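Spelled out from the first residue to the last, the chains are:
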Amino acid sequence: MSLPLEGRSAIVTGAGRGLGRAEALELARLGAAVVVNDFGQPGRDGSGAASATPAEEVAAEIRAAGGRAVAHTGDVADHQQARELVELAVAEFGQLDILVNNAGILRDRMVFSMSEDEWDSVIRVHLKGHFNTTHFAAAHWRARSKAADAPVYGRIVNTSSEAFLAGSAGQPNYAAAKGGIVGLTTSTALALAKYGVTANVICPRARTRMTADVFAGFQEPAGDGSEDRLDPLAPEHVAPLVGYLASPAAAHVNGQLLVVHGGMVAVVERPRVAAKFDTKQDAFTYDELDALLTPHYADRPAGETFAAAEVLGLKHE
């Protein structure tokens, strides 16, 4: 019996550690040949000298298990290096079928304290990095589709965050970048559907190097016989969903957002119009808006915003 991704090739960015590593290993387990990308800087804020070691170690782990993998140590936020990443996948494996964007950094600060560099660097790695790889992968699939005069196989899985969905007061740069990734994904999904390509976005929750302090208060399985159980915040809870979205089985899943962690997947519905007001004149006046909108918001819960904070309470039952 063939594996669901047998004969397919994939790129996973930020795959030297944490979520990206788990995702690369899962795609390889499902049969895909994998380009393991990681710039290899040791600091979660993108500090420190770049290193080839994380990407090369994961690629070696895949090969040791009988899979096919190569390492790429470029910076996906650099347009030319992102091009080289896609070109490497095509050169090594004949074509690219799957793109998983995961690379990112954190530089947390309240909005009134955040520096321009802290803003720019996070937007650059997360949002521009997702765009760069998507741009070159999309061009590859479009060219193949036009040459074949038929749809091709293409899958994009992008990584957003609950910080965007629920709002994160100390992460305005990260929340903005992750919100931008959702917009990029839905736009890409519509643009590439006719070529046979799907694009979806996940909001994962996992204990990784980037989130070690965030989840410091969440206990791992204790030594009471539960040590054989998987940590509810292990990246391995996220990787199977990535494998599914990359597979033929998900051909009709496109432009969707899913929250995933700890044995749970939640499908998040798109925004709905809650109320609509029409002017009784040629154009609204201040007084008319005051008469309509002020009562509408008067009885709403204090602190309620467009953010969906309830997603933070989702858990496996």
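Here the structure is shown first, and the text comes after it.
Counting restarts for each chain: residues are numbered from 1 in the order of the written sequence. Selection of residues for local features in this predicted model requires a pLDDT of at least 70, selection of side-chain atom pairs for listing and counting requires 80 or more, and totals for whole chains, interfaces and linings are taken over all residues. Side-chain numbers come from the whole structure's heavy atoms, not from hydrogens or water.

## A few points about a nonpolar patch on the surface
Turning to step 1, where the next piece is worked out: On the surface, F277, F284, L289, L293 and Y297 cluster together into a nonpolar patch covering about 430 Å² of accessible area.
Turning to step 2, where the next piece is worked out: The secondary structure listing takes helices from DSSP runs of H or I that are at least 4 residues long and strands from runs of E that are at least 2 residues long, numbered from the N terminus. Here F284 lies in the loop between strand 8 (264-268) and helix 8 (286-298).
Turning to step 3, where the next piece is worked out: Taking relative accessible area as the criterion, F284 reaches 35% and is therefore assigned partly exposed. Residues enter patches when they are more than 30% accessible in relative terms and free of salt bridges; like-charged ones are connected within 9 Å and nonpolar ones (Val, Leu, Ile, Met, Phe, Trp, Tyr) within 5 Å. All accessible-area figures derive from a Shrake-Rupley calculation using a 1.4 Å probe, and residue coverage is judged against the displayed protein chains alone. By definition, a salt bridge exists where a carboxyl oxygen of Asp or Glu is found within 4 Å of a side-chain nitrogen of Lys or Arg. When a residue's accessible area, from a 1.4 Å probe over protein chains only, is under 20% of the maximum for its type it is buried; when over 50% it is exposed; and in between it is partly exposed.

## A word on the packing of aromatic side chains
Turning to step 1, where the next piece is worked out: Geometry of aromatic contacts follows a simple scheme: Phe, Tyr and Trp rings, the Trp one being its six-membered ring, pair when their centres are within 6.5 Å, and the pair is stacked under 30 degrees between planes, edge-to-face over 60, tilted otherwise. This model, assessed by the stated rule, comprises zero aromatic pairs.
Turning to step 2, where the next piece is worked out: Lying over the aromatic face of Y153, R8 brings its terminal NZ or CZ to 3.6 Å of the ring centre.
Turning to step 3, where the next piece is worked out: For a ring to carry a charge above it, either NZ of a lysine or CZ of an arginine must fall within 6 Å of the ring centroid while also lying within 35 degrees of the normal to the ring plane. The cationic tip of R155 hangs over the ring face of Y153; the distance from NZ or CZ to the ring centre is 4.2 Å.

## A look at the packing of helix 1 (residues 18-29) against helix 2 (residues 53-64)
Turning to step 1, where the next piece is worked out: Axis definition: a line fitted to C-alpha atoms, over the contacting stretch in the case of helices. Angles run 0 to 180 degrees between N-to-C directions. As a packed pair, helix 1 and helix 2 sit with axes 10 Å apart at the nearest point and diverge in direction by 25 degrees. Comparing the axis directions of helix 1 and helix 2 gives the class roughly parallel. Viewed along their axes, helix 1 and helix 2 form a crossing whose handedness is right-handed. Contacts between helix 1 and helix 2 pair R21, A24, L25 and A28 from the former with V58, E61 and I62 from the latter. Oblique is the label for any angle not under 35 degrees, not over 145, and not in the 65 to 115 range, which are roughly parallel, roughly antiparallel and roughly perpendicular in turn. Should the near helix be turned anticlockwise from the far one by less than a right angle, the crossing is left-handed, and should it be turned clockwise, the crossing is right-handed. Any two residues whose heavy atoms approach within 4.5 Å are treated as being in contact.

## Quick look at the pattern of salt bridges
Turning to step 1, where the next piece is worked out: Per the stated rule, a full pass over the model turns up eleven salt bridges.
Turning to step 2, where the next piece is worked out: Between R124 and D75 there is a salt bridge, and its shortest N-O distance comes to 2.8 Å. With R124 in helix 4 (residues 116-148) and D75 in the loop between strand 3 (69-72) and helix 3 (79-93), the pair connects residues that are 49 residues apart, well separated along the chain.
Turning to step 3, where the next piece is worked out: By relative accessible area, R124 is classed as partly exposed at 33%.
Turning to step 4, where the next piece is worked out: Taking the relative accessible area as the measure of exposure, D75 reaches 12% and is therefore buried.

## Side note on the pairing of strand 7 (residues 257-261)
Turning to step 1, where the next piece is worked out: Counting buried residues along strand 7, five of its five residues qualify, which places the element largely inside the surrounding structure.
Turning to step 2, where the next piece is worked out: Residues L257, V259 and H261 line one face of strand 7 and the alternating positions L258 and V260 line the opposite face, and both faces are buried.
Turning to step 3, where the next piece is worked out: Between any two strands, pairing holds if DSSP finds at least two bridges. Sheet topology places strand 6 (residues 197-204) next to strand 7; four bridges connect them, and they run parallel. Paired with P204 across the two strands is V260, which belongs to strand 7.

## Remarks on the environment of G129
Turning to step 1, where the next piece is worked out: Position of G129 relative to the elements: it lies in helix 4.
Turning to step 2, where the next piece is worked out: As a C-alpha pair, G129 and A103 span 26 residues in sequence and 7.6 Å in three-dimensional space.
Turning to step 3, where the next piece is worked out: Setting aside its immediate chain neighbours within four residues, G129 contacts V76, A77, N101 and R124.

## Quick notes on helix 3
Turning to step 1, where the next piece is worked out: Helix span, as expected, comes to 1.5 Å for every residue beyond the first. Spanning 15 residues, helix 3 covers 22 Å between terminal C-alpha atoms, matching the ideal 21 Å at 1.5 Å per step.
Turning to step 2, where the next piece is worked out: Residues of helix 3 that are buried: A82, L85, V86, A89 and F93. All buried residues of helix 3 fall inside an arc of 85 degrees around its axis, so they share one side.
Turning to step 3, where the next piece is worked out: Structurally, helix 3 contributes buried residues whose contacts are with strand 1 (9-12), strand 2 (33-37), strand 3 and helix 4.
Turning to step 4, where the next piece is worked out: Its side-chain oxygen at 3.1 Å from the backbone nitrogen of Q80, D78 defines the N-terminal cap of helix 3.
Turning to step 5, where the next piece is worked out: At the exit of helix 3 stands G94, carrying a positive phi of roughly 90 degrees. The arc in question is traced by the directions running from the helix axis to the C-beta atoms. Between N or O atoms, a polar contact is any pair within 3.5 Å; within protein, one atom must be a potential hydrogen donor and the other a potential acceptor, and residues adjacent in sequence are included only when both atoms are from side chains.

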